[in-house]
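# Architecture at a glance
Now for the letters of each chain:
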Amino acid sequence: MGSRPTLQGIARSDQASAQPWRFEAVNVSKSYGAVIANDAVSVDLNAGEIHALLGENGAGKSTIMKILYGMELPDAGHVAIDDTVLKIGSPADAIAAGIAMVHQHFMLVPSLTVLENLILGNRRFGGLMTDRRAVAAEIAALAAQYRIEVDLQRPVGKLSVGEQQRVEILKALVRGARVLILDEPTAVLTPQEIKALGLTLRELAQDRHGIFIVTHKLPEAMELSDRVSVMRRGRVVGTWRTDQITSSELVMHMVGRSLPASVSRPQLTPGSTVLELLNACVAAQAGRGELRDINLKIAAGEIVGVAGVEGNGQQELAEAIAGLRHVSAGDVILCGDAITNFPAAEILAAGVAHIPQDRHRDGVVLDFPLTDNAILVDHQTPAFQQRGIIDRHAVIQFTDRLIDVFQIRCSGREAPMRSLSGGNQQKLVLARELARRPRLLIAVQPTRGLDVGAIDYVHRQLIEQRSAGVAILLISTELDEIIALSDRIVVMREGRVTALPDKPTIETIGAAMLGSADRPAGAA
Amino acid sequence: MSVHVDSAVTERWRPFAQGTGLVLASMALTGLVLLPIGINPIGAYAQILKGAFGSVNALTEDLVYATPIILTSLSVIIAFRCGLWNLGSDGQLYLGAIATVGLGFNRFGMLPPVLLPVMAVAAFAAGAAWAAVPAVLRLRFGASEVIVTIMMNFLAVTIATYLVGGPWASGITPATAPIVSAGFLPILVPGTRLNANFLVAIAAAALLSFVLRRTVFGYQLRTIGQNIDAARYAGMPVNKIRFVSFSCAGGLAGLAGFGEVAGIYHNLPNGLSPGFGYTGIVVALLARLNPLWAVIVAFALAALSVGSGGMQRAMGIPVSLVSILEAVLILLVLATRLLERRA
Amino acid sequence: MTWASLLELTFWIPLLAAGVRVATPLVFASLGEAVSERAGVLNVGLEGMMALGAIVGFLVAYWTGHSWAGLLAAAMAGLAASLVFGFLTIFRGADQIVTGIVMNILLLGLASFLYASIFASAHVVAQLAAIPVFRVPWLSDLPVIGRPFFAQSPIVYAVYLLIPLFWFLLERSPWGLSVRAAGENPEAVDSAGINIWFLRLQAAAIGGAMAGLAGAILAVVQIGAYVDGMIAGRGFIALAIVVFGGWRPWRVAVAALLFGVVDAFQLRLQVSGAAIPSPFLIGLPYILTIIVVAFVAGRAGYPAAINKPYPLRHFSRRQRKPIPADRAAIHPVPQEHS
């Protein structure tokens, strides 16, 4: 080989791929303040293997992977290759050791082209006089080898999510990584895209790469991996060969008990129409999606589930109804009255409650105490203020009631919201919105980030509200949740609501999520 | 930690201990600039203390100097609490002063009991109007209020200098002609310059504190400052509140200008403000945006400034030593991340 | 002066020449600030750093008798100030606007303090000898553009080299690629194995050094003296120029020239006693700045990660006998392979 190795040379590098190796984390611990994210975690990975790390949100999966990649530093424990302890103090160290990570939120710069993103920080291309065309040719050849189709000259911001993920994988390969860590790689993909990803990963594994997949989705772990480790509350519960364990056994390990039987949904005849959208449109804004001709009806006592891959207009739908986005055409009708483009305050006052998708950002003020957060939406009702002066006494009573009824764990009503766990913050939002006795409840991803017990609780609350005659718009990317709770299901794709055939199954919903017209040029 | 100490007591006193430590450290650091010019920093600081607290007159001068600083710091605070930077209180102060002088000539022949309140209201309105410009540009067009308010400061000084040198010139001094005596603010302590605007400043601080803590308007303002997305989600009239609070910020600074003219100079001199607006920023930051603490911090910094005048007269050390000291203190606060405010 | 003279080249050529002169410090300050902001570091302390550069440059030039020594010292002083700023904002996570404002108070105070204490007894304003104009042979004889662009102080010619240099640095070099990425998505830069904090500090340091130079050009090269308040908002105007120029070196330079010409224009009108009240003339650059900030470039264009500190990584306990990662790499690293 010449004085400078070619990329294919590194990637195929016969020595490298022929030799077996073993990469491992040994007794790694990490805590953030009082929260123990990793407690003596040990996981290992062999050449040519796909190892799934399975666990619920908050089980500590992402933390251990970030430690392997040097983005977090462990409090104790170490990382090793073939029993040689590695010092990984930064991603630069990890990259030098042949480790690469595909983050859940892609580490790409939207304004730069694919090529620029690929060579960012890459020392091999760091010279001032680097011939960009030669580099591009090398990378194109590498992409072809793994059948990863991507246009190197397009800005990353213009790529679809699936394409961006392929850029991330290609980035790892360009750096000659042998270990790939994928953090929740399927969260943003359609079922069909997930299949394509699986094929790419299998191909990489056959080429003696080692792959960690971090996921909270059981079926994908079963489908994609050779071995699977389960994490719960910062610890590794166990590691098994995937073909020697069943799904139900894994669930037991994940949650520490069997899943609760799915919520029972009493038979109800829906009442009168509460919400009606007539050809509602929202124009696209910088960085935000659009809605096109939405027609949707929700009756009292009915749960309408909106399925779809994240970012297909679900958030815009919720915001348009709640008065947070301008409706450019069409009508939003609440109980017979048009509320199109009313100020958000009036829509809320008319009986709409909204559990926003991003609770941290929209639903609470992290530096306010619980009391101030409890009255966030209703601070102008006479219950909490007279002539513009806030009634502290009423606020305190109300907050205490929410804490009591919803069993919010906190150090007191004056504790800053920031000091609560994510689940308890969520409980406060839910408690606050339900206490408003709404006619319409918009719940966006109401169980994201919760543990199984809390999910069950939220589900039962939604069913209870349904029985009380509330119209509920449930927006979720968790198909299981949609199917379990909804009276009717619609799918959103590219800003449109797609009708579904009767008796939808996971497969038919999945097909609707992807759309039949344009299947993306997949990685396989 | 060999001795068990009641942790509640140590918790309570920790901010004071930290604060004292920071002040001493910044004094030591600032003292370094005195060494090359052959001056003993301790002597200089002693002169400042003497100048600030050495006599009854010095004490009242501290309060006189604190008055506009309290108002400009409140101006910074009310804007900052809803997430906006008001670096323009210096310019708003000038506009308040210009309005005060303009009416103070009393060309409309207002009766004495009417004249003073009208001047005050006009000063507030002029400051508010001057602040409304950056507010509108920010809220409507997304223009950085940091840059616009600074530019407005330069414009305000330009206009004031023009008036002093041109239309309103007195002829002899670099100041406008005097206002009528009916427009003078009452003096609180005879024989000093301490005037009624000091009480206005204290009242404004108390009022702002109440509004922020106990009213719906204050609650909405704080929510916007902490998390504007949550405020929108909760249906708050975000732009309206930001506009009102930014205008009020200008009005408070305008009142500072009113006090300087009606209470102290009785005309509009060139260089009316020795940077009260910027000192107001320092006060707001050190007071952690709390209006009541701002009164105390403003008094401390006013004393520092008054004392430094004495130091300059006695030892020939430039008064700009004080701005160095103030800035070093805040930089130390930022570096050590003490006094960080939450909520 | 009559309005008719506005139509003649004899009015416009000296005006353009003056505009280039006035624009020179603005170009220096805004080029540096563009780099800094591209990396996500907004330096509101630019005004103060220019003042520091002015006093340090003036003092050193005054003592040594060499203007160039003054410029060099000013660059160093600006750089030192930006390291303080960078330490606080990048490594301590302090708010960039708060820190910048306080840096202004500190540095403007320091500049005033230094001048007042060193020249306290002097009754005459200390003056430096002017740097003579250098006429570029042949080019300065070109019609129309010859005099404005090629019969200037040598520092103006430095600008002609700096603009392409900064363009290459930001838009074409790998370092510039990292800088641009740092301003958009710092986590991506970290994830790519680049020391994001050091990178940002470098960018801030360039901004500080250039601001120091800008102040010194004003004091040493153009005025030959230091006066309190001589920066007169130019630091903030430079911030506006960066926005106006869309963070791209060529456009930033053109934007600075526009400001220079407008300033030169108002000076000319004042001197010639035009029938426009002087505050409107003096205020013209400030009004132009406001217009530019408000109507030409809104907040939307800023690099996404501006004023967003990237948190440091912390060990809570010492690691035991680790070895450097690359010695145990899974794959043979490229260097070993060759």
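Residues numbered from 1 in each chain as written. Chains lettered and ligands numbered in written order. Predicted model: local features only at pLDDT ≥ 70, side-chain atom pairs only at ≥ 80, totals over all residues.

### A short note on the sheet that holds strand 15 (residues 337-338) of chain A
Sheets are built from strands paired through backbone hydrogen bonds, the pairs being either parallel or antiparallel. Residue and element names in this part refer to chain A. We count it as follows: Here a strand pair is declared whenever DSSP counts at least two bridges between the two strands. Secondary structure follows DSSP: runs of H or I at least 4 residues long count as helices, runs of E at least 2 residues long count as strands, and numbering of each begins at the N terminus.
Across the sheet, which stays open at both edges, the four strands sit in the order 12-11-14-15 with antiparallel pairing between neighbours. One side of each edge strand has no neighbouring strand; the edge strands of this open sheet are strand 12 (291-299) and strand 15. Two strands pair when backbone bridges link them, and strand 11 (residues 273-282) and strand 14 (residues 329-334) are joined in this way by five bridges, in the antiparallel orientation. Each residue of the ladder has a partner; that of Leu277, found in strand 14, is Val332.

### Focus: the packing of helix 3 (residues 56-81) of chain B against helix 11 (residues 276-286) of chain B
Residues and elements named next belong to chain B. Applicable threshold: For helices, the fitted line uses only the C-alpha atoms of the stretch in contact; every axis is such a line through C-alpha atoms, and the angle between N-to-C directions lies from 0 to 180 degrees. Any angle from 65 to 115 degrees is called roughly perpendicular, while one under 35 is roughly parallel, one over 145 is roughly antiparallel, and all others are oblique. Two helices crossing with the near one rotated counterclockwise from the far one by less than a right angle form a left-handed crossing, whereas a clockwise rotation gives a right-handed crossing. Residue pairs are scored as contacts if the distance between their C-beta atoms, which are placed from the backbone, is within 7 Å. Charged means Asp, Glu, Lys or Arg here, nonpolar means Ala, Val, Leu, Ile, Met, Phe, Trp, Tyr, Cys or Pro, and polar covers whatever is left, Gly included.
Packing of helix 3 against helix 11 brings their axes to within 7 Å, and their N-to-C directions diverge by 60°. As the angle between them shows, helix 3 and helix 11 are arranged oblique. Crossing angle aside, the handedness with which helix 3 passes helix 11 is right-handed. Listed contacts from helix 11 to Pro68, Ile69, Thr72, Ser73, Ser75, Val76, Ile77 and Phe80 of helix 3 are Phe276, Gly277, Thr279, Gly280, Ile281, Val283 and Ala284. The residue makeup of the contact of helix 3 with helix 11, split by class, is nine nonpolar, six polar and no charged.

### A short note on helix 6 (residues 145-165) of chain B
Spelled out, the test is: Expected helix span is taken as 1.5 Å per residue step, with the number of steps being one fewer than the number of residues. Buried, partly exposed and exposed are defined by the number of other C-beta atoms within 10 Å of a residue's own C-beta, namely 20 or more, between the two limits, and 12 or fewer respectively, with C-beta atoms placed from the backbone.
Here helix 6 of chain B contains 21 residues, and its C-alpha end-to-end distance of 30 Å stays within 8% of the 30 Å for a straight helix at 1.5 Å per residue. Buried residues dominate helix 6 of chain B, accounting for 18 of its 21 residues.

### Concerning the domain arrangement of chain A
Note: interface size is frequently given as the accessible area lost on complex formation between the parts. Residue and element names in this part refer to chain A. Inclusion rule: Domain delimitation follows an automatic or database domain assignment.
Domain annotation of chain A identifies domain 1 (8-111 + 177-251), domain 2 (259-351 + 438-524) and domain 3 (366-436). Taken residue by residue, the interface counts 10 residues in domain 2 and eight residues in domain 3. For the side of domain 2 that touches domain 3, the element with the most residues is helix 17 (residues 452-467), which contributes four residues. Looking at the side of domain 2 that touches domain 3 residue by residue, the classes come out as six nonpolar, three polar and one charged.

### Concerning the sheet that holds strand 16 (residues 352-355) of chain A
Residues and elements named next belong to chain A. As summarised here, the arrangement of the six strands in space is 16-19-20-13-21-22, forming an open sheet in which the pairing is mixed. Each end of this open sheet is capped by a strand with a single partner; those strands are strand 16 and strand 22 (496-498). Between one strand axis and the next, the sheet turns by 20° as a mean value, whatever way the strands run. In terms of strand pairing, strand 13 (residues 303-307) meets strand 20 (residues 471-475) through four bridges, oriented parallel.

### Brief notes about the pairing of strand 9 (residues 227-232) of chain A
Residue and element names in this part refer to chain A. Strand 9 sits mainly inside the fold: five of its six residues count as buried. Bridge analysis of strand 9 against strand 10 (residues 235-241) gives six bridges, and the strand direction is antiparallel. Each residue of the ladder has a partner; that of Arg232, found in strand 10, is Arg235. Linking two consecutive strands that pair antiparallel, namely strand 9 and strand 10, is a turn of two residues; a positive phi of about 50° is found at Arg233 within it.

### Quick word on unusual backbone geometry
Residue and element names in this part refer to chain A. The phi angle at Arg208 is positive, at roughly 70°, despite the residue not being glycine. For Arg208, the position within the fold is in the loop between helix 8 (191-206) and strand 8 (210-215). Not every positive phi belongs to a glycine, and Arg437 is a case in point at roughly 50°.

### Regarding helix 10 (residues 238-265) of chain B
All names here are of chain B. Here helix 10 is 28 residues long and its end C-alpha atoms lie 40 Å apart, about the 40 Å a rise of 1.5 Å per residue gives. Of all 28 residues in helix 10, 23 are buried; the element is thus mostly enclosed. Positioned one or two residues after helix 10, His266 has a phi angle of 60°, which is positive.

### Observations concerning the environment of Val56 of chain B
Take Val56 of chain B: it is sitting in helix 3. Along the backbone, Val56 of chain B and Thr192 of chain B are 136 residues apart, and their C-alpha atoms lie at a distance of 9.3 Å.

### Examining the environment of Gln92 of chain B
Residues and elements named next belong to chain B. Counting through the fold element by element, Gln92 comes out in helix 4 (residues 89-104). A sequence separation of 36 residues divides Gln92 from Ala128, and the C-alpha atoms of the two residues are 7.3 Å apart. Non-local contacts of Gln92, meaning those with residues more than four positions away in its chain, are made with Ser75, Gly127, Trp130, Ala131, Gly250, Ala253 and Gly254.

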